[in-house]
Amino acid sequence: MRSLKILPAILVLSAMPVTTTAQQPTILSEVVDKIVRQEQAEVQLLRQYSPLVETYIQNIRADQRLGAVPDGDKYFLGRAELAKGVELEPLEHDTGGVKHKVFGGWASFFSTEFVPRGFLQMIYLDMNGFDRQHYKIEYVRREFLGEVRCLVFDVDPLPKAGKGRFVGRIWVEDQDFHIVRFNGAYGGSSLTSNYFNFDSWRVSAGKNQWLPAFIYSEQGTVRDPKTKSLRFRAFRAQTRLWGYDLGSVREEQELSKVLVEGPTPVNDQSETANDYSPFQAERSWGRQAEDNVTERLERQGLMAPRGEVDKVLETVINNLEVTNNLDIQPEVRCRVLMTSTLESFTLGHTIVLSRGLVDVLPDEASLAAILAHELGHVVLGHRMDTQFGFFNRLRFDEKETFRHFDFARTPEEEQAAKQKGNELLNNSPYKEQSGTAQFFLQALKNRSKEIPNLISPHLGDRVSTSWTIVAAVFSAPPSEAEAKPAGNVIAAPPLGGRVKIDPWNDQLRMLKSKPVGTVAEAEKMPFEVTPFVIYLTRQGEHSATEAASAVSAKADSDTKP
Ligand SMILES: [Zn+2]
């Protein structure tokens, strides 16, 4: 165990004032060598993966009252092919004219405003040359990121290292010396790089692996120093990676599990009646089509596997059904699309909400309003295309997904579902709080011009903002001016604040964060891009010991974020 030998040295290091670390070159250099070797191994390790990559960019404009507000946006979804370096295959039906292969180096990165590969690049600190020949690496202090104890270093390229090198700060977990976070910029000497900053996070996936998962980046407005003409508009961007454990590896594991289980009868309905009436056959065929589509999306990493968040949604559906005396067969299920776009749709009796939508709904009543609308489609018997009951209809190239799957409704169906949804909501316990749902829809409507790409669905329908929830709290529908939540009410939270993604297996969990207290007007930021601050944990074999050491070491860390 190499790491055990080095740990006492770390403890000595961190107990000393920063200024004296230079007097321990042997110890420091050993640690730095370990970090460098681990980072080089990381670059090699990542070559086996093809995760999904999503980048959402908001242009920013200054607003006197609200501070920085969104002013146009861009969205990219693709699959990385890390075996080929920083290569990306777009999954979008329309890439908006973005030529994703024009990126040919640092210079063109800075002169091309938004190139998806440029954001993917930020999973690497420096693909060739992160070592002591190219960098000065200085120990700063010890710090916790979540429950993971880290050593913090400042990293600066040496003068001879050349352009495009990383400058900033790194956090290194102190067991195996993986870099788990790096925050800074590429370039060092170039002018523009000072404005393009990023904060790149890796999360534990067990088996001594830390995988790139979240990158926040931003840039201020850049003007030409001589002509004062605008060179770059200010923006903020979130990049997410997930779906590392997709594809052939998992399929092989699943198959071997089934084979090991042996001759268990596959038929799990042997106790019930065996024959299907035509009516049941029709239902069963519909269910098959739903299952085929959700399975296909899950295998591609576009839909989360069954989990905790589905259950939360199904609880709300249950409450709506019970209070409306509905007994829907087969039972209504909920699933979550992995993407940040705001959308929802139904596949027969399966209701799908995007993660992005679940993330920005301010409360359970707002969630109930969205789900009531979708349940309206179910109750009204709006059908999905049952051709997906045929398995050959599922065989197409992944890039064609959004062309093959289109679950948007006709305007007539939408109108009918709106009415039905209102009816269901008005009979439910959510009626009393449906004011917040109305505020949410109004906030979305007010913002929709500035975030056209966020509200453009991949597969289903955009969230209808022209919908007035007629409920007891509104004897008359609110006018646009009135529909403004007072005081501390948040009409819609910033993006990405509610659901936690496991980038390895795509499992989603509800975040457990504390109430934020009083929120200033400029802090409300509905539908805005905000930085990531990830509560890091260790997965797998280290977790038990780490939890213990985290508790004992907490006392001497006053720099926990
Ligand atoms: Zn609808």
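The coordinates are above.
This write-up is about the structure you can find in this document. Treat the numbers as computed from the prediction; the structure is a model and nothing was measured. (Residues numbered from 1 in each chain as written. Predicted model: local features only at pLDDT ≥ 70, side-chain atom pairs only at ≥ 80, totals over all residues. Heavy atoms only, no water.)

### Side note on the side chain of H458
Within the secondary structure, H458 sits in the loop between α12 (434–447) and β16 (461–462). Only 3.3 Å separates the side chain of H458 from the side chain of Y75, close enough to count as a polar contact. Contacts of H458, omitting those with residues within four sequence positions, involve Y75, L77, E92, T339, T341, E343, F402 and F405. (Helix = DSSP H or I, 4+ residues; strand = E, 2+ residues; numbered from the N terminus. Polar contact = N/O pair within 3.5 Å; in protein donor to acceptor, adjacent residues only side chain to side chain. Contact = heavy atoms within 4.5 Å.)

### Side note on helix α7 (residues 308–323)
An ideal rise of 1.5 Å per residue puts 22 Å on 16 residues; α7 measures up with 23 Å between its terminal C-alpha atoms. Taken together, the buried positions of α7 are occupied by V309, D310, L313, E314, V316, I317, L320 and E321. Along the axis of α7, the buried positions cluster into a sector of 155°, meaning they face one direction only. Seen from the open side of α7, the exposed residues pointing more than 90 degrees away from its buried face are K311 and V322. Just downstream of α7, N325 is the residue with a positive phi angle, here 55°. (Expected span 1.5 Å × (residues − 1). Buried < 20%, exposed > 50% of the residue type's maximum accessible area, 1.4 Å probe, protein only. Arc of directions from axis to C-beta.)

### Quick notes on the nonpolar core
Ranked by size, the top nonpolar core spans 87 residues in total, and within it L371 and F527 carry the most contacts. The element contributing the most residues to this core is helix α9 (residues 364–379), with 8 residues. Setting aside residues no more than four positions away along its own chain, L371 makes contact with L313, V316, I317, L320, C334, I351 and L353. Counting 45 residues, the second-largest nonpolar core is a separate cluster that includes A80, L120, I137 and F182. (Core = buried A, V, L, I, M, F, W, Y, C linked by side-chain atoms within 4.5 Å.)

### Remarks on unusual backbone geometry
A cis geometry characterises the amide bond from Q329 onward to P330, with omega recorded as -15°. Tracing the backbone shows P330 in the loop between α7 and β13 (333–337). At F177, a position not held by glycine, the phi torsion is positive, near 65°. With respect to the helices, strands and loops of the structure, F177 is situated in the loop between β6 (166–173) and β7 (179–186). You will see that F527, though not glycine, has its phi angle at about 60°, which is positive. Assignment of secondary structure puts F527 in the loop between β18 (508–510) and α13 (543–554).

### With respect to the packing of aromatic side chains
This structure, assessed with the given rule, holds 19 aromatic pairs. Ring centres 6.1 Å apart and planes at 90° place the aromatic pair F182 and F198 in the edge-to-face group. Of this pair, F182 sits in strand β7 while F198 sits in strand β8 (residues 196–204), and the two are 16 residues apart along the sequence. Look at F182 and you get buried, because its relative accessible area is 0%. Given the relative accessible area of 2%, F198 is considered buried. (Phe/Tyr/Trp six-rings, centres within 6.5 Å; stacked < 30°, edge-to-face > 60°.)

### Details of the sheet that holds strand β1 (residues 52–63)
In spatial order, the strands read β3-β2-β1-β12-β9-β8-β7-β6-β5-β4; together these 10 strands make up an open sheet with antiparallel pairing. Where the open sheet ends on each side, the last strands, each with one partner, are β3 (87–90) and β4 (135–145). On average, each strand axis in the sheet is tilted by 25° relative to the strand beside it, whichever way the strands run. For β7 and β8, the ladder comprises 4 bridges, and the chain directions are antiparallel. Across the sheet, residue R181 finds its bridge partner in β8, namely W201. (Pairing = 2+ DSSP bridges. Axes fitted to C-alpha atoms, helices over the stretch in contact; angles between N-to-C directions.)

### A look at the sheet that holds β13
Strands sit in the order β13-β15-β14-β16 across an open sheet of 4 strands; the sheet is mixed. A single partner strand is all that each edge strand has here, and the edge strands are β13 and β16. Where strand β14 (residues 343–347) lies against strand β15 (residues 350–354), 4 bridges are found, and the strand directions are antiparallel. When the sheet's bridge partners are listed, S344 is paired in β15 with L353.

### Concerning α9
The periodicity of an α-helix, 3.6 residues per turn, causes residues three or four places apart in sequence to face the same way. Here α9 contains 16 residues, and its C-alpha end-to-end distance of 21 Å stays within 8% of the 22 Å for a straight helix at 1.5 Å per residue. Of the residues flanking the end of α9, it is G381, one or two places downstream, whose phi is positive at about 70°.

### A closer look at the side chain of R447
Locating R447 in the fold gives a position in helix α12. Assessed through its relative accessible area of 10%, R447 is described here as buried. In this structure the side chain of R447 is engaged in a polar contact, spanning 3.4 Å, whose partner is the side chain of E528. Those residues within four positions of R447 in sequence are excluded, and the remaining contacts are V69, P70, P526, F527 and E528.

### Here we look at the packing of α9 against helix α11 (residues 411–426)
The N-to-C vectors of α9 and α11 enclose an angle of 120°; their axes lie 7 Å apart at closest approach. What the angle tells us is that α9 and α11 run oblique. Where α9 crosses over α11, the handedness of that crossing is right-handed. Across the interface between the two elements, A368, A369, A372, H373, L375, G376, H377 and V379 of α9 pack against E413, E414, A417, K418, K420, G421, L424 and L425 of α11. (Parallel < 35°, antiparallel > 145°, perpendicular 65-115°, else oblique. Left-handed = near helix turned anticlockwise from the far one by under 90°.)

### What to know about the packing of α9 against α12
One way to put it is that α9 packs onto α12 with a least axis distance of 7 Å and a crossing angle of 70°. Relative to α12, the element α9 is oriented roughly perpendicular. Contacts between α9 and α12 involve A365, S366 and A369 from the former and T436, A437 and F440 from the latter. When grouped by side-chain class, the residues that make up the contact of α9 with α12 number 4 nonpolar, 2 polar and no charged. (Nonpolar A, V, L, I, M, F, W, Y, C, P; charged D, E, K, R; others polar.)

### Some thoughts on the environment of P457
Summarising the element assignment, P457 is placed in the loop between α12 and β16. When the C-alpha positions of P457 and F407 are compared, they lie 10.0 Å apart, and in sequence the two are 50 residues distant. Look past the residues within four positions of P457 in its chain and what remains in contact with it is E343 and R462.

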